[in-house]
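Residue strings, one per chain:
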Amino acid sequence: MPNLASGKREGHAAEVLSVDEQIELEICARGELEQLRKEAATEEVDPQAVAVDVAIGRLSRLDSMQMEEVRKDASRRRNQRIHELQEALRRMDEGDYGLCEGCGQWIAYARLEQRPEAILCGDCAR
Ligand SMILES: [Zn+2]
């Protein structure tokens, strides 16, 4: 399969998403959401988080604290994304999915395929 993820096809779609495309995006969003939730669940028992308290020596402790920050940051981003995907699924339910919140035009399928949770079209997101 050729790689179409160049971003060149982002932008405004001429018309509303087809039913097939909507189903495809919903499956995609649900799959991603499930994956993120699994990751979040795995991380709760991550031994690295525990290691912060048992690390000996100033340097290793600083390292651990830094790693803890990175981990927290990743976890924050993941939670944000879970929230966005949930919102996207809600919009799919309500039928206003795929409309750009910036300009009110349809978001191109190629963009939604990359980011099913997108609420802005390629132009407005820039
Ligand atoms: Zn827009």
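Treat the numbers as computed from the prediction; the structure is a model and nothing was measured.

Criteria and thresholds
- Residues numbered from 1 in each chain as written.
- Predicted model: local features only at pLDDT ≥ 70, side-chain atom pairs only at ≥ 80, totals over all residues.
- Helix = DSSP H or I, 4+ residues; strand = E, 2+ residues; numbered from the N terminus.
- Buried ≥ 20, exposed ≤ 12 C-beta atoms within 10 Å, placed from the backbone.
- Contact = placed C-beta atoms within 7 Å.
- pLDDT = per-residue confidence, 0-100.
- Core = buried A, V, L, I, M, F, W, Y, C linked by C-beta atoms within 7 Å.

Any details on the overall build of the chain? Residues and values, ideally.
Of the regular secondary structure elements, the chain holds 5 helices and 0 strands. Of the regular secondary structure in the chain, the N- to C-terminal order runs α-α-α-α-α. With 126 residues in all, the chain has 13% of them scored as buried. Taking the contacts inside the chain whose residues are at least 6 apart along the sequence as the reference set, 63% of them involve residues at least 24 apart.

Requested: an account of the confidence of the model for the chain, with residues and values cited.
Summarising the model, the chain shows a mean pLDDT of 82, and 75% of its residues fall at 70 or more. In the model of the chain, helix α2 (residues 47-54) stands out as the element of lowest mean pLDDT, 54, in contrast to helix α5 (residues 122-125), which has the highest, 94. Low pLDDT, under 50, characterises residues 1-9; the stretch is placed with 5 contacts to residues that sit more than four places away or in other chains.

Quick rundown of the nonpolar core? Include the residues and the values.
Formed by L25, A29, L85, A88, Y97, C100, I107, A108, L112, A118 and C121, the largest nonpolar core amounts to 11 residues. Every element with two or more residues in this core is listed here: α1 (19-43) and α3 (58-94). Aside from chain neighbours lying at most four places away, what touches A118 is I107, R111 and L112.

Outline the environment of A118, listing residues and values.
One can find A118 in the loop between α4 (109-114) and α5. On the basis of neighbour count, A118 is assigned to the buried category, with 21 C-beta atoms found within 10 Å. As for A118 and L85, which are separated by 33 residues in sequence, their C-alpha atoms are 8.8 Å apart.

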